[in-house]
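Descriptive analysis of the structure
Chain by chain, the residues run as shown.
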Amino acid sequence: MTWATIAQSAGMTQANTPLICIPYFSGSGHTARLAAHIGSGAGSARLIDVAAITDADWAALDAATLIVFGAPTYMGSTAAQFDVFLEEASSRWQDMVWADKMAAGFTVATHPSGDKLSALMRMSVYAAQMGMIWVGQTSIGAPVFPKAEGLNTDGSWLGLMATSSRDKSELITPQDALTANSFGTRLAGAAQRWSVGAD
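Throughout, residues of each chain are indexed from 1 in the direction in which the sequence is written. Per-residue local features are limited, in this predicted model, to residues with pLDDT of at least 70; the limit for side-chain atom pairs, both in listing and counting, is 80 or more; totals at the level of whole chains, interfaces and linings are taken over all residues. As a rule here, side-chain values come from all non-hydrogen atoms in the structure, and water together with hydrogens is ignored.

**Description of the overall build of the protein**
Within the protein, the secondary structure is distributed over six helices and seven strands. Helical segments are the DSSP runs of H or I of at least four residues, strand segments are the runs of E of at least two, and each set is numbered from the N terminus. Along the protein, helices (α) and strands (β) appear in the sequence α-β-α-β-α-β-β-α-β-α-β-β-α when read from the amino end. For the protein, contacts bridging at least 24 residues in sequence account for 76% of all contacts bridging at least 6. Exposure was quantified through the Shrake-Rupley algorithm and a 1.4 Å probe, taking into account, for residues, occlusion by the shown protein chains and nothing else. Accessible area for the protein stands at about 9300 Å²; split by element, carbon and sulfur atoms hold 55% of it. Contacts: residue pairs with any heavy atoms within 4.5 Å of one another.

**Things to note about the confidence of the model for the protein**
The share of residues in the protein with pLDDT of 70 or more is 89%, and the mean pLDDT across the chain is 87. Contacts from residues 1-7, a stretch scored under 50 in pLDDT, to residues over four places away or in other chains number 20 contacts. What pLDDT conveys is the predictor's confidence in a given residue, as a value from 0 to 100.

**Here's the deal with the pattern of salt bridges**
Note on definitions: salt bridges are taken to be side-chain nitrogens of Lys or Arg within 4 Å of carboxyl oxygens of Asp or Glu. Inspection of the entire model under this criterion finds four salt bridges. The residue Arg92 makes a salt bridge to Asp62 at a minimum N-O spacing of 2.7 Å. Of this pair, Arg92 sits in the loop between helix 4 (80-89) and strand 5 (102-109) while Asp62 sits in helix 3 (residues 55-63), and the two are 30 residues apart along the sequence. Between buried and exposed lies partly exposed: a residue is buried under 20% and exposed over 50% of the maximum accessible area for its type, with that area taken using a 1.4 Å probe on protein chains only. Owing to a relative accessible area of 30%, Asp62 belongs among the partly exposed residues under this scheme. Of the charged contacts, one joins Asp154 and Lys116 as a salt bridge, the two residues approaching to 3.3 Å between their closest N and O atoms. Linking Asp154 in the loop between strand 6 (133-134) and strand 7 (160-163) with Lys116 in helix 5 (residues 116-129), this pair joins segments that are 38 residues apart in sequence.

**A word on the side chain of Thr78**
Position of Thr78 relative to the elements: it lies in strand 4 (residues 77-78). Within 3.5 Å is the distance limit for a polar contact, defined as a pair of N or O atoms, with the added protein rule that one can donate a hydrogen and the other accept it, and that residues adjacent in sequence qualify only through two side-chain atoms. At a separation of 2.6 Å, a polar atom in the side chain of Thr78 contacts the side chain of Asp83. In terms of polar contacts, Thr78 uses its side chain to reach the side chain of Arg122, at 3.4 Å. Setting aside its immediate chain neighbours within four residues, Thr78 contacts Ala71, Pro72, Asp83, Ala119, Arg122 and Met123.

**Some details on the side chain of Asn152**
Considering the arrangement of structural elements, one finds Asn152 in the loop between strand 6 and strand 7. For Asn152, a relative accessible area of 6% translates into the label buried. Of the polar contacts made by the side chain of Asn152, one reaches the backbone oxygen of Ser139; its length is 2.9 Å. Setting aside residues no more than four positions away along its own chain, Asn152 makes contact with Gln137, Ser139, Trp157 and Thr179.

**Quick notes on unusual backbone geometry**
A positive phi angle, close to 50°, is found at Met75, a residue other than glycine. For Met75, the position within the fold is in the loop between strand 3 (66-74) and strand 4. Residue class for Met75 comes out exposed when judged on its relative accessible area of 87%. Its identity as a non-glycine residue notwithstanding, Asp115 has a phi of 55°, on the positive side. Within the secondary structure, Asp115 is located in the loop between strand 5 and helix 5. Judged by its relative accessible area of 51%, Asp115 falls in the exposed class.

**Quick word on the packing of aromatic side chains**
Aromatic rings from Phe, Tyr and Trp, with only the six-membered ring used for Trp, were paired whenever their centres fell within 6.5 Å, and each pair was classed as stacked if the ring planes differed by under 30 degrees, edge-to-face if by over 60, and tilted otherwise. Following the criterion strictly, the structure yields four aromatic pairs and no others. A ring pair is formed by Phe69 and Phe82, whose centres lie 6.4 Å apart and whose planes are at 75°; its orientation type is edge-to-face. On the criterion of sequence distance, the pair formed by Phe69 in strand 3 and Phe82 in helix 4 is long-range, its members being 13 residues apart. Relative to Phe85, the ring of Phe82 lies with its centre 5.6 Å away and its plane at 45°, an arrangement referred to as tilted.

What follows is the structure, given as structure tokens:
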């Protein structure tokens, strides 16, 4: 089920659809590709390259129902360029501008482990300090459900983890693309529930 389907079934219009923003930094295109797959699964999301963030992007983030943080894992943490964005956004901390928004995160690294969990923990702790509500993964793949082979192969529950594909034409494996799409759908549903519950 896509976000558009979820929104339609809830009687929501474009004007009152919860806004999902995906701010990300991408060093070699892998994180950008993941962001696009998450946005596709959500059905409607604003992708924000934090290396070229605009005033309109900041306004969208401040108005968003859900913010999905994305960065590659470099040397066991989020990329420095993404950290610059987080530091700039922290100007909203004192007035709790992002309090009670939903948050989620995704990351990609060269190795299947790559210490990606530490990057997701960095994002989730940041979100907690901003007063945000964290949303994790719900996709259960093989071997628990053999027919769902390829889904959430890392068994990551705090957020989305992916491994860089050696094939530079795809950047992300089909399995990770599937998981990212599923994660986007999960986030859209959570945003819809949160928005309706706040009314």
